[in-house]
Amino acid sequence: AVEFAHSHPLASLAGNLLIANAGGVLTAVALGTPLIAPFGNAINTLTAVFFWWVVYFGPGDLFFNLYKVKPLQIALMGVREMRRCKKILDTVTAAAAVANGSWIVLVLVGALGGCSGKFIQATEESMRKHSADVSRSEFLQISFVTKASLMIATVFALVKSDVIPLSVPQLSSSAAPF
């Protein structure tokens, strides 16, 4: 991936931005909203561009050496999982505005918001490598991230439907450890 990023930086950046915003893009497709809307959040887009630059063009593998420090690695993993929970909650909320009363839609769209990078990544890799290898497809081999996203989206959908009486902060703090 590093060689590809150095030889085709714009294609690499576009692929990484698509993976970083995959939840919003696939949710927009599922809900019939504009596809460009997920890229409208300047902070998320600039954060993705910054981390793309640090990983592929950063000086002397500084990011990888910092990431090897266990406390920093654990903190970044915690931030990643909290962001995943926020994405799931946001997509369940967006689906609730479009599809009232349909729990299946809420759960599937919510799970898609939480683990959509896994779906997009296989497609992006096959396009980059010019192959049609579908053996690593998330549809064929469901990962733990997808299973956890389905479970968290189910709980969020039940809370949005007032079946489980929890507030959003209580729910988010209990869902993040998964």
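Before any of the text, the structure's been laid out above.
In this report, we go over the structure that sits alongside the text. Small disclaimer: the values here were computed from a predicted structure and weren't measured.

## Here we look at the pattern of salt bridges
What the rule picks out here adds up to three salt bridges. Between R80 and E81 there is a salt bridge, with the nearest N and O atoms lying 3.2 Å from each other. Across the pair E81 and R84 runs a salt bridge, and its minimum N-O distance is 3.0 Å. Here R84 and E81 lie together in helix 6 (residues 70-98), a separation of three residues that amounts to about one turn. Take E81 and R84: they sit in the same class, and that class is buried. A single network of salt bridges, built from pairs that share partners, joins R80, E81 and R84.

## Quick look at a nonpolar patch on the surface
A cluster of nonpolar side chains, L62, L66, V69, L72 and L76, forms an exposed patch at the surface whose accessible area comes to about 390 Å². Secondary-structure elements contributing two or more residues to the nonpolar patch are helix 5 (62-67) and helix 6. Following the sequence through the fold, L76 ends up in helix 6. By relative accessible area, which is 32% here, L76 ends up partly exposed.

## Observations concerning the nonpolar core
The biggest cluster of nonpolar side chains holds eight residues, and these are C85, I88, L89, V92, A111, I152, A153 and F156. Residue assignment for this core shows that the elements contributing at least two residues are helix 6 and helix 8 (144-160). The dominant element in this core, judged by the number of residues it contributes, is helix 6, at four residues. In this structure, I88 is in contact with G110, G114, S149, I152, A153 and F156, ignoring residues within four places of it in sequence.

Parameters and conventions
- Residues numbered from 1 in each chain as written.
- Predicted model: local features only at pLDDT ≥ 70, side-chain atom pairs only at ≥ 80, totals over all residues.
- Heavy atoms only, no water.
- Salt bridge = Lys/Arg side-chain N within 4 Å of Asp/Glu carboxyl O.
- Helix = DSSP H or I, 4+ residues; strand = E, 2+ residues; numbered from the N terminus.
- Buried < 20%, exposed > 50% of the residue type's maximum accessible area, 1.4 Å probe, protein only.
- Patch = residues over 30% accessible without salt bridge, like charges linked within 9 Å, V, L, I, M, F, W, Y side chains within 5 Å.
- Areas by Shrake-Rupley, 256 points an atom, 1.4 Å probe, with all protein chains shown as cover.
- Core = buried A, V, L, I, M, F, W, Y, C linked by side-chain atoms within 4.5 Å.
- Contact = heavy atoms within 4.5 Å.

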